[in-house]
Amino acid sequence: MFDYRQITQWDTENIKGFFGEYKWLSNFWPCMVKFDDRMYKCSEAAYMAAKLEDPQDRVRFEEYDGKTAKREGRLVKIRPHWEKFKLGVMLSVLRSKFTFNETLNQNLLATGEKYLEETNWWNDQFWGVDYRHGGQNNLGKILMLVREELR
């Protein structure tokens, strides 16, 4: 198992790596998330469900944890034009995560002005920053936007 402490940077200016004490920033963190009038057990499940065009097909994702949702989300037929609006979906999902859950809301606000980065070792260069290859950090950017909105 990879030791996440090798790639994290938690200091007065940065939270790089959503592990350990910052695991709650991860989309796999168990918490109720409301999206399109459905309740999910984590933001990963809500996001993966949104890939499906028919809302009735999303029902099964209501019971999934993050790991199961990610696995099943890779197997679904993705709705048309998903790439055009997936960032907006993630924004909506994370708004729900941090407004519906008061403790998470307060945790996010307590990060102050820190830079949030989803540092990883699994080569996610779109949502995060792979420690070897870099990346766009879209998850971190959206989290910082939600934090600003909550103020």
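Residues numbered from 1 in each chain as written. Predicted model: local features only at pLDDT ≥ 70, side-chain atom pairs only at ≥ 80, totals over all residues. Heavy atoms only, no water.

J.: Could you give an account of the packing of helix α1 (residues 43–50) against helix α3 (residues 82–100), with specific residues and numbers?
T.: Interhelical geometry of α1 versus α3 gives an angle of 150° and a closest axis separation of 10 Å. On the basis of the axis angle, α1 is roughly antiparallel to α3. The interaxial crossing formed by α1 with α3 has right-handed handedness. Touching S43, A46, Y47 and A50 of α1 are W82, K86, V89, M90, V93, L94 and K97, all from α3. Classifying every residue of the contact of α1 with α3 gives eight nonpolar, one polar and two charged. (Axes fitted to C-alpha atoms, helices over the stretch in contact; angles between N-to-C directions. Helix = DSSP H or I, 4+ residues; strand = E, 2+ residues; numbered from the N terminus. Parallel < 35°, antiparallel > 145°, perpendicular 65-115°, else oblique. Left-handed = near helix turned anticlockwise from the far one by under 90°. Contact = heavy atoms within 4.5 Å. Nonpolar A, V, L, I, M, F, W, Y, C, P; charged D, E, K, R; others polar.)

J.: Before we move on, could you go through the layout of surface pockets and cite the residues and values that matter?
T.: The calculated volume of the largest pocket comes to roughly 840 Å³. What lines the largest pocket is a set of 28 residues, and nearest its centre among them are F28, E44, K70, W122 and D124. Elements supplying a minimum of two residues to the lining of the largest pocket: α1 and α3. The greatest single-element share of the lining of the largest pocket, amounting to four residues, is contributed by α3. (1 Å grid on protein atoms, 1.4 Å probe; cavity = no way out; pocket = protein on both sides within 12 Å on 5 of 7 lines; lining within 4 Å. Points joined across faces, edges and corners; volume = space filled by probe spheres on them.)

J.: Please provide a residue-by-residue account of the packing of aromatic side chains, values included.
T.: Considering all chains together, one arrives at 13 aromatic pairs under this definition. For the pair Y4 and F19, a centre-to-centre distance of 5.2 Å together with 25° between the ring planes defines the contact as stacked. Within this pair, whereas Y4 is found in the segment before β1 (9–10), its partner F19 is found in the loop between β2 (14–16) and β3 (33–35), the two being separated by 15 residues in sequence. Given the relative accessible area of 27%, Y4 is considered partly exposed. Given a relative accessible area of 12%, F19 falls into the buried group. Judged by centre distance (5.2 Å) and plane angle (55°), the ring pair of Y47 and W82 falls under tilted. Here W82 lies in helix α3 and Y47 lies in helix α1, a separation of 35 residues in the sequence. Exposure class is identical for Y47 and W82. Each is buried. It is K86 that lies over the ring of F126; its NZ or CZ is 4.2 Å from the centre. (Phe/Tyr/Trp six-rings, centres within 6.5 Å; stacked < 30°, edge-to-face > 60°. Buried < 20%, exposed > 50% of the residue type's maximum accessible area, 1.4 Å probe, protein only. Lys NZ or Arg CZ within 6 Å of the ring centre and 35° of its normal.)

J.: An account of the nonpolar core is requested, with residue identities and associated values reported.
T.: Ranked by internal contacts, the top residues of the largest apolar core, which has 37 residues, are L25, F61, L94, F98, L116 and L143. Counting residues per element, the ones that place at least two in this core are β3, α1, α3, α4 (102–110) and α5 (138–150). Non-local contacts of L116, meaning those with residues more than four positions away in its chain, are made with I15, F18, L25, L108, T111, N137, G140, L143, M144 and R147. (Core = buried A, V, L, I, M, F, W, Y, C linked by side-chain atoms within 4.5 Å.)

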